[in-house]
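Here is how the chains run, residue by residue.
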Amino acid sequence: MDALLHVLVIGMLLGGIYGLVSIGLNLIFGVIRIVNFAHGELVMLGMYGAYLVYSTMGLSPYVATLIVVPALFVIGIVLYRLVLQPLQTESSMQIFATFALLVIFQNVVLAFTRGEGFSVASGVAGMTLPLGEIRVTMSRLIILLAVTAAAIALHLFLKRTMLGKSIRAVTQDRQAARLMGINVERTFLITFGIGSALAGLAGALLSPIYTLSPGIGGNFILAAFAVVVLGGLGSVAGAYFGGLIVGLVEALAGFYVDPELKQAIWFLIFLAVLVVRPTGLFGQVGAEEIGFREQA
Amino acid sequence: MKSVGTPLASPRPTETPAQALIPSWHRVAWSYAGGLAIALVPLLLLSADRFWLNILTYTYLFAGLAAAWNVLAGFGGQFSLGHGVFFAIGAYATGLLFMKWGVSPWLAILPAALASALIGSLIFLPTFRLKGSFFAIATLAFNEVALVFANYFESVTGGPRGIQIPFRAGIANMIFADPRGYALLMFGFMALALAVALVLRRSRLGYYLLAVREDEDAARAAGISVVRVKLRATALSAALTAIGGGLFAMYVRTIDPPTLFSLPDIGVKFALLSLIGGIGTVIGPVLGAFLIVPTESYLRALLGGSVPGLHLILMGSLMLLAALFMRRGVAGAVDALLERWRHRPRSGR
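Residues numbered from 1 in each chain as written. Chains lettered and ligands numbered in written order. Predicted model: local features only at pLDDT ≥ 70, side-chain atom pairs only at ≥ 80, totals over all residues.

It is worth spelling out the overall build of chain B at this point. When you go through chain B residue by residue, the secondary structure sums to 17 helices and two strands. Computed over the C-alpha atoms, the radius of gyration of chain B is 21 Å, within 12% of the 20 Å expected from 2.2 N^0.38 for a compact globule of 349 residues. Each principal axis of the C-alpha distribution contributes one length, and for chain B these read about 70 × 50 × 45 Å. Within chain B, the proportion of its 349 residues that are buried is 49%. Counted over contacts in chain B with a minimum sequence separation of 6, partners at least 24 positions apart contribute 77%. (Helix = DSSP H or I, 4+ residues; strand = E, 2+ residues; numbered from the N terminus. Rg over C-alpha atoms; globule rule 2.2 N^0.38 Å. Buried ≥ 20, exposed ≤ 12 C-beta atoms within 10 Å, placed from the backbone. Contact = placed C-beta atoms within 7 Å.)

A few words now on the overall build of chain A. Scanning chain A for helices and strands turns up twelve helices and two strands. For 296 residues, the compact-globule estimate of 2.2 N^0.38 gives 19 Å, and chain A sits close to it at 19 Å. By principal-axis analysis of the C-alpha atoms, chain A measures approximately 60 × 45 × 35 Å. Out of the 296 residues in chain A, the part that is buried amounts to 54%. If you take every contact in chain A between residues at least 6 apart in sequence, the share linking residues at least 24 apart comes to 75%.

Attention now goes to the interface of chain A and chain B. In this complex, chain A contributes 42 residues to the contact, which on the side of chain B involves 36 residues. Contributing elements (two or more residues each) for the side of chain A that touches chain B: helix 4 (91-113), helix 10 (218-231) and helix 12 (262-276) of chain A. Among the elements that make up the side of chain A that touches chain B, the one with the highest residue count is helix 4 of chain A (15 residues). When its residues are assigned to classes, the side of chain A that touches chain B shows 30 nonpolar, six polar and six charged. (Nonpolar A, V, L, I, M, F, W, Y, C, P; charged D, E, K, R; others polar.)

The geometry of a pair of packed helices is captured by two quantities: the angle between their axes and the separation between those axes. Residues and elements named next belong to chain B. Viewed as axis vectors pointing N to C, helix 4 (residues 83-101) and helix 5 (residues 105-124) meet at an angle of 140°, and their least axial separation amounts to 8 Å. It follows that helix 4 is oblique to helix 5 by the angle criterion. For the pair helix 4 and helix 5, the crossing hand works out as right-handed. Side by side, helix 4 and helix 5 meet where Phe86, Ile89, Gly90, Ala93, Thr94, Leu97 and Phe98 of the first sit next to Pro105, Ala108, Ile109, Pro111, Ala112, Ala113, Ala115, Ser116, Ile119 and Gly120 of the second. When the residues that make up the contact of helix 4 with helix 5 are grouped by side-chain class, the tally is 13 nonpolar, four polar and no charged. (Axes fitted to C-alpha atoms, helices over the stretch in contact; angles between N-to-C directions. Parallel < 35°, antiparallel > 145°, perpendicular 65-115°, else oblique. Left-handed = near helix turned anticlockwise from the far one by under 90°.)

Moving on: the nonpolar core. Judged by nonpolar contacts, the single largest core of 212 residues is most densely connected at Phe96, Ala100, Ala226 and Phe270 of chain A together with Ala88, Ala141 and Met186 of chain B. The element best represented in this core is helix 3 (residues 50-75) of chain B, accounting for 16 residues. For Phe270 of chain A, the residues in contact, after removing those within four places along its chain, are Ala226, Val229 and Leu230 of chain A together with Ala141 of chain B. (Core = buried A, V, L, I, M, F, W, Y, C linked by C-beta atoms within 7 Å.)

Residues three or four positions apart in an α-helix share a direction because the helix packs 3.6 residues into each turn. Relative to the 20 Å expected for 14 residues at 1.5 Å per residue, helix 10 of chain A spans 20 Å between its end C-alpha atoms, a close match to the ideal helical length. Burial within helix 10 of chain A is extensive, with twelve of its 14 residues counted as buried. Within helix 10 of chain A the residues assigned to the buried category are Phe220, Ile221, Leu222, Ala223, Ala224, Phe225, Ala226, Val227, Val228, Val229, Leu230 and Gly231 of chain A. Where helix 10 of chain A is buried, its residues contact helix 1 (2-32), helix 2 (39-57), helix 11 (236-256) and helix 12 of chain A together with helix 6 (132-152) of chain B. Where helix 10 of chain A terminates, the next one or two residues include Gly232 of chain A, which has phi positive at roughly 125°. (Expected span 1.5 Å × (residues − 1).)

A few words on the confidence of the model for chain B. All names here are of chain B. Across chain B, pLDDT averages 87, with 93% of residues at or above 70. Taken together, the stretch residues 1-11 has pLDDT below 50 and engages in eleven contacts with residues farther than four places along the chain or on a different chain. Note on the complex model: pTM 0.87, ipTM 0.84. (pLDDT = per-residue confidence, 0-100.)

Next up on the list: unusual backbone geometry. In the Ramachandran plot, Arg33 of chain A falls in the positive-phi region, its phi being about 65° despite a non-glycine side chain. Mapping Arg33 of chain A onto the fold places it in the loop between helix 1 and helix 2. With a phi angle near 60°, Arg253 of chain B is a residue other than glycine that sits in the positive phi range. Among the secondary structure elements, Arg253 of chain B is positioned in the loop between helix 11 (226-252) and strand 2 (254-255). Here Arg253 of chain B falls in the partly exposed class, since 15 other C-beta atoms lie within 10 Å of it.

If you want it as structure tokens, here you go:
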């Protein structure tokens, strides 16, 4: 019983990480329908940004989010405007371009750091919290809290504000949204910016947990796509609960089946969901219907 | 004065004139032979140089592999990122048949191709209802599941360390003491893949595939069995990719999961080469391979030692520029130029 509880706690904390990485991708993939392979690299940039702030100004990575998140918002806007928007009618070329961005980001960071691994230390992150017999690391708990807060904030933003409403309208039917006077291009631009900013938030908060390396984004990107499709496109709840489900499945499979197979198991679950219910668990029916050609 | 296209001119630059006016078999055969002869020239010029011979061998191999990918993704519009699975099936089946039962690789690639076609049809079948990027992500997931399994079932695959094929030179073993043998082998594979693409492009199945790519609902309404067409294209594409995987295994003589399931070097590479050359055209994937593979290898050798990652920064930038300024690939850009030349203003000459 204790073991099960332990596994569940580990799974929840892991799910927080997956959810935090996926929540921005869910916006980008769900609203603009770009398969953004470079999303993991945006998370990586967020991590290195936090390291830069930590090493030059001595600030904790949690304070660094105040700098990293706006910076990633700007990077996202620039990327969308210069690279992705011109390719809007060419979806396969868009995938290709995001892959090129992935290669560039990874190797620019590699060239600057010369492959040296960095780590960010933080007094708060290293503390542990006793929860019954289980000791929970503070840094992971903060992530779970942060993804919960981010999910609620994003949900309120999408439901309550005009901009949020226009994002939802564009998700449902971009033709109709355009006819209603919504500036679809500007909505996409801002959505990509917010998605990138959330990737930056994820990066900064993850930086105390991982040793930083240029290729670290690759650890997150496939999981993030699985979470997004599993949870449901354009659904904040989908990214949140999808992340927790993937985290729990990974922890349970790792404990009860075989740690080496845990990834295959959640990928198979993901494939099964994709085939049986392409909309995802929380997605709107029909959201997956937009193929490459209808995107223009 | 700017040239004005006639109303009959194709608005899409990838639609080669060949598609508007079906050329005779005679003409196709001659351009096929001519193209292969041109592709053979660098082999004659460079065969003394081990460095370039190795690059050329990879270029031929990846030209064939990209052409195989293009059968399903280019003609049929099914943007697969899971072709690494077929590549790996070919490599493992050929290598295991050779190592465990001493089957000559020349024979072993046939069951390897068959197995790949069967498994490919089976695993892709449930994903055919997915469209566009969803299909791409689902097939990407196949690649990852296969990677985990290949690492896990160590008794069959040799696990993460892989299988080593000892160097026992001999034509029956498909192991050549003279590296030119491998270059010719890969050249033959490219010729095979191109021939399949050419025949397919003019066959009934080829036209069905184009119809499915352009508009699935319309194709179904016209009486095409969409699932059957996708299945046949998958089987063909998977079989060809597996042959390429088998040849690759015999060339490098190491079969290990990190190499076979690598996304940048295998699974996504086929797509990158085809996109840069011109997706959906017969010649595009080959053009892409001939541009990218040598450039990448050369830059790696030139810059790899100085600043880590510099050659990949350059490659990534080149790919980005190609995506932005040659949306229909090299083949599309050439077609657009030809089209402009054909409709050049005659007045004032």
